[in-house]
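Structural overview for review
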Amino acid sequence: MILAIESSCDDTSIGVMEIKTKKLLFHKKISQELEHSKYGGVVPELASRLHAEALPKILSETKEFFPHLKAVAVTNAPGLSVTLQEGVMMAKALSISLNIPLIGVNHLIGHIYSLFIGKEEIKPMMVLLVSGGHTKILNFNGINDVCEIATTLDDSFGESFDKVAKMLGLGYPGGPVIEKLAQKGQDIVKLPLPLKNSSDIKFSYSGIKNAVRLAIEEGKYKKEDIAASFQKKAIEHLVFMSKRAIKKYKPKNFAIVGGASANLALRDEFEKLSNEFGFKLFYPEMKYTSDNAAMIARAAVEMYNKKMFSDYKDLKIMPRVEFKKC
Ligand code: KG4
Ligand code: ZN
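Residues numbered from 1 in each chain as written. Chains lettered and ligands numbered in written order. Predicted model: local features only at pLDDT ≥ 70, side-chain atom pairs only at ≥ 80, totals over all residues. Heavy atoms only, no water.

Looking now at the site of ligand 1. Close to ligand 1 lie 20 residues, the nearest being Gly132, Asp162, Glu179, Gly259 and Asn263. Take histidine 107: an N or O atom from its side chain is 3.2 Å from an oxygen atom of ligand 1. Glycine 133 is positioned with one of its backbone polar atoms (N or O) 3.4 Å from an oxygen atom of ligand 1. When ligand 1 sits alone it has 560 Å² of accessible area, and the protein chains cover 89% of it. Residue classes in the shell around ligand 1 are distributed as four nonpolar, twelve polar and four charged. In terms of domain composition, the shell around ligand 1 takes at least three residues from each of domain 1 (2-116 + 288-325) and domain 2 (125-283). (Near = heavy atom within 4 Å. Polar contact = N/O pair within 3.5 Å; in protein donor to acceptor, adjacent residues only side chain to side chain. Areas by Shrake-Rupley, 256 points an atom, 1.4 Å probe, with all protein chains shown as cover. Nonpolar A, V, L, I, M, F, W, Y, C, P; charged D, E, K, R; others polar. Domains from an automatic or database assignment.)

See below:
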């Protein structure tokens, strides 16, 4: 078995997975959303303190697995350094005291493995990663073979939902509230489609966000119409750029992962693309879309099988990571 720890942002989570079957034997997550919501975003110092409280609480529930652990895994990149630190410290202490190897997992690759909990991996696969910190199109060809087709020049898709929600006074995280409000509204606010005249495959959300700010300041639109128009355009931009990548690389498998992959309007648009281009479409189970340790454990199983271990004296925290370009 492998025990995995996730503390890269505002969710504290620990999971235990059986190596052979990839089955989850234990999984618990404590979310800090409520504590951060009054600030309209994640406050790193507060997040770090809450992880320090929650991690030992969850870990104490996993003691029965300790004699069976073959490795301990932890998210070491990317994320907030003060919160990553909490998980990494605990993982190092476990690695030393139980005398088992340590595995440092890239959180973004973890999101890809949210597709494969209890299952074998499927590859090659084109992956649209939409989380709070990232918007990327990746080509996935195994745990140590991931390249980047596109990324964002500024805000991420999820972050733009958080910022628009904040402007509308709807709290944090913005994704689920905007999605709900959008269902009651109409797409009547004119917003720009970013980068449509450039031939590159890349994302940008600052233009839509600023146009939304101006529309709010105009004061003539209802909140639900702003939400509906914003969501429509934000998704249209994802579809527009994904189409370019799909035409170029012609994937047979395509997945959407990350916190924002929970968005049903987004899933609907990609169902249409799947019919148009004939690829197989995948998303994680709803409960594994947002940050969790199950996906970290699943990625760690692949790393364990390939002996991708880190020395507990050397494993570093990396707030940012770069993928090789495809
Ligand atoms: O992957 P995740 O849980 O954390 C990070 O790794 O960042 O993603 C969180 C992000 C937040 O920005 C949140 O607003 C967004 O995912 N999100 C959504 C939805 N649910 C969560 N965005 C759009 N629609 C949703 N239904
Ligand atoms: Zn995440």
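Now, onward.
Below, the discussion takes up the pattern of salt bridges. Scanning the model with the defined rule gives 19 salt bridges in all. Put simply, lysine 136 and glutamate 148 hold a salt bridge, and the shortest N to O gap is 2.9 Å. Here lysine 136 is found in strand 7 (residues 135-140), whereas its partner glutamate 148 is found in strand 8 (residues 146-150), with twelve residues between them in sequence. Here lysine 136 and glutamate 148 have matching classes, each one buried. (Salt bridge = Lys/Arg side-chain N within 4 Å of Asp/Glu carboxyl O. Helix = DSSP H or I, 4+ residues; strand = E, 2+ residues; numbered from the N terminus. Buried < 20%, exposed > 50% of the residue type's maximum accessible area, 1.4 Å probe, protein only.)

This next bit is on helix 3 (residues 81-98). Taking 1.5 Å per residue, 18 residues should reach 26 Å; helix 3 reaches 25 Å between its end C-alpha atoms and fits that length. Those residues of helix 3 lying buried are Thr83, Leu84, Gly87, Val88, Met90, Ala91, Lys92, Leu94 and Ser95. Check the buried side of helix 3 and you find it contacts strand 1 (2-6), helix 2 (44-59), strand 4 (71-77) and strand 5 (102-106). Two residues or fewer after helix 3 comes asparagine 99, characterised by a positive phi angle close to 55°. (Expected span 1.5 Å × (residues − 1). Contact = heavy atoms within 4.5 Å.)

With that settled, consider the packing of helix 5 (residues 157-167) against helix 7 (residues 206-218). For the pair helix 5 and helix 7, interaxial distance at closest approach is 10 Å and the crossing angle is 15°. Between helix 5 and helix 7, the interaxial angle falls into the category roughly parallel. The handedness of the crossing between helix 5 and helix 7 comes out as right-handed. Contacts between helix 5 and helix 7 involve Lys163, Val164 and Met167 from the former and Lys209, Val212, Arg213 and Ile216 from the latter. Residue classes in the contact of helix 5 with helix 7 are distributed as four nonpolar, no polar and three charged. (Axes fitted to C-alpha atoms, helices over the stretch in contact; angles between N-to-C directions. Parallel < 35°, antiparallel > 145°, perpendicular 65-115°, else oblique. Left-handed = near helix turned anticlockwise from the far one by under 90°.)

Another aspect to go through is the domain arrangement of the protein chain. Its domain assignment divides the protein chain into domain 1 (2-116 + 288-325) and domain 2 (125-283). Computed from C-alpha coordinates alone, the two centres of domain 1 and domain 2 are separated by 27 Å. Domain 1 puts 27 residues into the contact, and the matching count from domain 2 is 28 residues. Between domain 1 and domain 2, roughly 2,200 Å² of surface is buried when both sides are summed, and carbon and sulfur atoms account for 72% of that area. On the domain 1 side of the interface with domain 2, the three residues burying the most area are Ile112, Leu115 and Thr289, jointly 25% of the side's total. Inspection of the domain 1/domain 2 interface yields two salt bridges. The partner of aspartate 145 in a salt bridge is lysine 324, with the nearest N and O atoms 3.5 Å apart. Our count for the contact surface shared by domain 1 and domain 2 stands at six residue pairs in polar contact (both at pLDDT 80 or more). Secondary structure elements with two or more residues in the side of domain 1 that touches domain 2: helix 1 (33-37), helix 4 (107-113), helix 10 (293-305) and strand 11 (324-325). The leading source of residues in the side of domain 1 that touches domain 2 is helix 4, at five residues. (Buried area = accessible area lost by both parts, 1.4 Å probe.)

This part covers the packing of helix 7 against helix 8 (residues 223-249). At a minimum axis distance of 11 Å, the contact between helix 7 and helix 8 shows a crossing angle of 165°. On the basis of their axis angle, the class for helix 7 and helix 8 is roughly antiparallel. In the crossing of helix 7 with helix 8, the sense of the turn from one axis to the other is right-handed. Across from Ile208, Val212 and Ile216 in helix 7, the residues of helix 8 making contact are Ile226, Phe230, Lys233 and Ala234. For the contact of helix 7 with helix 8, the class distribution of residues is six nonpolar, no polar and one charged.

Turning our eyes to something else, we now look at the side chain of serine 160. Along the chain, serine 160 falls in helix 5. At a separation of 2.7 Å, a polar atom in the side chain of serine 160 contacts the main-chain carbonyl oxygen of phenylalanine 157. Setting aside residues no more than four positions away along its own chain, serine 160 makes contact with Tyr205 and Phe230.

All right, on to the pairing of strand 8 then. Within strand 8, five of the five residues are buried, which leaves the element mostly enclosed by the surrounding structure. Examined bridge by bridge, strand 7 and strand 8 share four bridges and lie antiparallel to one another. Paired with phenylalanine 140 across the two strands is valine 146, which belongs to strand 8. Between strand 7 and the antiparallel strand that follows it, strand 8, lie five residues; glycine 142 among them carries a positive phi value of about 120°. Sheet topology places strand 8 next to strand 11; two bridges connect them, and they run parallel. Across the sheet, residue cysteine 147 finds its bridge partner in strand 11, namely lysine 324. (Pairing = 2+ DSSP bridges.)

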